[in-house]
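Structural overview
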Amino acid sequence: MIKKFIDKLLAKATPAGRRASASPFGKREEVPASVHGIDPEQVDYRAVEVVRTLKDAGFEAYIVGGAVRDLLLGLRPKDFDVATNATPEQVKGLFRRAFIIGKRFRIVHVVHGRGRENEVIEVSTFRAQVDNVAAEQVAGNEKTSRSALAGMQHAVGSSGRVLRDNVWGPQDEDATRRDFTLNAMYYDPETQILVDYHKGLQDAKKKTLRMIGDPAQRYREDPVRIIRAVRFAAKLSALGFTLDAKTAAPLVDSQRLLADVPQSRMFDEMLKLLQTGHAIATIEQLKKLGLSRGIYPLLDVVVERADTAFVRAALTDTDRRVGEGKPVAPSFLLACVLWQDVREGWDRRLQAGEHPLPALQEAIDAVFDLRIGDVSGRGKLAADMREIWVMQPRFEKRTGRIPESMVAQLRFRAGFDFLRLRAEVNEIDEALAEWWQEFSTADENQRYDLLEQAREEQKARQRVAQPVVRRVPKAAPARSPAADGAAPADDATVAGEYADADAPKKRRRRRRKPGGGEGGGAAGAPGGAD
């Protein structure tokens, strides 16, 4: 047994031995442009420059992964990755702006341009397919075993999850350690040759998503592959792709492995599911695959509320913006998903007699603690979500300087888009959203007219809401003629005096002279004694 193991190692060290043992790592096929049909014009010139620089320095270099898959399927890649046999240090030395990042997988970010125009090309080194049994073992996960992992090149945790994978190797082994056959193809933009080890081109024609190797074992190595399987199935479902049966079978049983993945990474993976332009399709795939609950608590809430009008509108709007090449922010989508919790908590506090703004802030804090928790980036995320929510009651106030200050705020557009979605689902009056749309784009004179319009509408609402109060005159007290020394008035006179009792006129009371002398008769009684 030991002899066979040694012979295997020695055979692997020689070129002939490598060719003889090539079958576990697939068979290299070089597919010409006439067969694969990739349009070279769709390849980012910056990725081509990175490949050319590496090749000019004597290294192998290819565009790899999702970019090749999308080019093959006629889609526009979101970003471009490059794989090479150069080490991270060697790659960094070839480019002026290059940065080595990562611990679990060390890669290099090559930066082109500055500011908003910059583009990052991710460069990874070919990795060896090393048996995890031979890897260094740590008791715990990446968070609890941080000190033990220092300096390790290949290590696995107690659950079998790979925590360090920085052992370099040849291209065929690098292809084998990738997840799906569609993601394991390499494209040379200079020769236009497509290198395929695991029949990825064949699976593309069959519209099949297939995991390389044993799916259950691959999910144990990296449980996030479960989420990637859902994401790719959702993205390519519109093209007719489906998950291979063997790839889909272990998904539900493997779901428990996600508990060992750091929460910050799970949060990022959840956002990828919802913000890559296929959020609605992702919800459908999660339900179809039996994964609608248990992947991540906040994702459970999204799936649960995906059929409500407001969240559905938010998911659809996010897909539309991504499809149009417009930016999307996680704060906006999550604010939509959690608005129901904020509103319910706010209403409870208002009914308890709390002041509106403090009640809203307390409701927001409670939602953050319950739903978001302590994840990386919560500070900015929470600040943006809070601002969107706090704007909503302020949109109701359209007097004074409030509209001007609202429009000038940095997050006004996000707050307004949130208001617009609320109007679309009839949560608020659509006229309010239209008024803010006009005000935000109007000139000074038009804004003045809109403010006047808002004032008139407010007055009209106040008049309708204000109850009508009718004044009822007090009945005149009965007086004795003998006491005043005046002759009694006849019925006609009394009737004439109080005929207009329903609408009495204001009368000035005459001063009575002291002493009861002359003129001391009943005031206002015509026909008194002489």
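Structure report, in brief. (Residues numbered from 1 in each chain as written. Predicted model: local features only at pLDDT ≥ 70, side-chain atom pairs only at ≥ 80, totals over all residues. Heavy atoms only, no water.)

All right, on to the nonpolar core then. One recurring pattern in soluble globular proteins is that nonpolar side chains are buried together. Membership of the largest hydrophobic core comes to 98 residues, with the highest contact counts inside it found for Leu-299 and Trp-389. If you tally residues by element for this core, the top one is helix H18 (residues 330-351), at 10 residues. Here Trp-389 is in contact with Leu-334, Ala-335, Leu-338, Trp-339, Val-342, Leu-360, Ile-364, Val-367, Phe-368 and Phe-418, once residues within four sequence places are set aside. Membership of the second largest hydrophobic core comes to 17 residues, among which are Phe-395, Leu-419, Leu-432 and Ala-433. (Core = buried A, V, L, I, M, F, W, Y, C linked by side-chain atoms within 4.5 Å. Buried < 20%, exposed > 50% of the residue type's maximum accessible area, 1.4 Å probe, protein only. Helix = DSSP H or I, 4+ residues; strand = E, 2+ residues; numbered from the N terminus. Contact = heavy atoms within 4.5 Å.)

Another point: the sheet that holds strand E1 (residues 29-31). Read from one edge of the open sheet, eight strands run E1-E11-E10-E2-E3-E6-E5-E4, paired in mixed fashion. Two strands lie at the open edges of the sheet, namely E1 and strand E4 (98-101), each paired on one side alone. Shown here is a sheet whose adjacent strand axes are inclined to one another by a mean of 30 degrees, direction ignored. Relative to strand E11 (residues 193-196), E1 is paired through three bridges, and the arrangement is antiparallel. (Pairing = 2+ DSSP bridges. Axes fitted to C-alpha atoms, helices over the stretch in contact; angles between N-to-C directions.)

Tallying each qualifying case throughout the model produces 37 salt bridges. Note that Arg-69 and Asp-70 form a salt bridge whose closest N and O atoms lie 3.2 Å from each other. Here the two residues Arg-69 and Asp-70 agree in accessibility, since each one is buried. Residue Arg-265 pairs with Asp-222 through a salt bridge whose shortest N-O separation is 3.4 Å. Residue Arg-265 is found in helix H14 (residues 263-274), and its partner Asp-222 is found in the loop between helix H10 (215-221) and helix H11 (224-236); the two are separated by 43 residues along the sequence. For Arg-265, a relative accessible area of 23% corresponds to the partly exposed category. With a relative accessible area of 8%, Asp-222 lands in the buried category. What you see here is one network of salt bridges that share partners, running through Asp-317, Arg-320, Glu-324, Lys-326, Arg-413, Asp-417, Arg-420 and Glu-424. (Salt bridge = Lys/Arg side-chain N within 4 Å of Asp/Glu carboxyl O.)

Going residue by residue along strand E10 (residues 185-188), you find Met-185 and Tyr-187 tucked away on one face and Tyr-186 and Asp-188 tucked away on the opposite face as well. In this sheet, E10 lies alongside strand E2 (residues 61-64) in antiparallel orientation, the contact comprising two bridges. From the neighbouring strand, Ile-63 faces E10, where its bridge partner is Tyr-187. Looking at chain direction, E10 and E11 are connected through four bridges and run antiparallel. Considered in E11, the bridge of Tyr-187 is made with Leu-194. Counting the residues in the hairpin turn of E10 and E11 gives four residues, including Gln-192, whose phi is positive at 60 degrees.

Structurally, Arg-218 is set in helix H10. Residue Arg-218 is classed as buried on the basis of its relative accessible area, which comes to 4%. At 3.3 Å, the side chain of Arg-218 forms a polar contact with the backbone oxygen of Thr-176. At 2.8 Å, the side chain of Arg-218 forms a polar contact with the backbone oxygen of Ile-212. (Polar contact = N/O pair within 3.5 Å; in protein donor to acceptor, adjacent residues only side chain to side chain.)

Here the focus is the pairing of strand E6 (residues 119-125). For E6, the tally of buried residues reaches five of seven residues, placing the bulk of the element in the interior. Here strand E3 (residues 81-84) pairs with E6 via four bridges, running parallel. Bridging across to E6, Thr-84 finds its partner in Thr-125. As paired strands, strand E5 (residues 107-112) and E6 are joined by six bridges and run antiparallel to one another. Across the sheet, His-109 pairs through a bridge with Glu-122, a residue of E6.

What follows concerns the packing of aromatic side chains. Enumeration according to the criterion identifies 16 aromatic pairs in this entry. Residues Phe-412 and Phe-416 carry aromatic rings whose centres are separated by 6.1 Å and whose planes lie at 20 degrees to one another, so their mutual orientation is stacked. Placement of the pair is Phe-412 and Phe-416 together in helix H22 (residues 412-424), with a separation of four residues, close to one helical turn. By the ring-pair criterion, three or more aromatic residues cluster together here, those being Phe-395, Phe-412, Phe-416, Trp-435, Trp-436 and Phe-439. The cationic tip of Arg-231 hangs over the ring face of Phe-232; the distance from NZ or CZ to the ring centre is 5.4 Å. Positioned above the aromatic ring of Trp-435, the side-chain terminus of Arg-398 is 5.0 Å from the ring centre. (Phe/Tyr/Trp six-rings, centres within 6.5 Å; stacked < 30°, edge-to-face > 60°. Lys NZ or Arg CZ within 6 Å of the ring centre and 35° of its normal.)

Before going further, it helps to spend a moment on unusual backbone geometry. For Gln-192, which is not glycine, the phi torsion reads 60 degrees and is therefore positive. Take Gln-192: it is sitting in the loop between E10 and E11. With a phi close to 65 degrees, Asn-426 is a non-glycine residue in the positive phi region. Asn-426 sits in the exposed class, given a relative accessible area of 67%.

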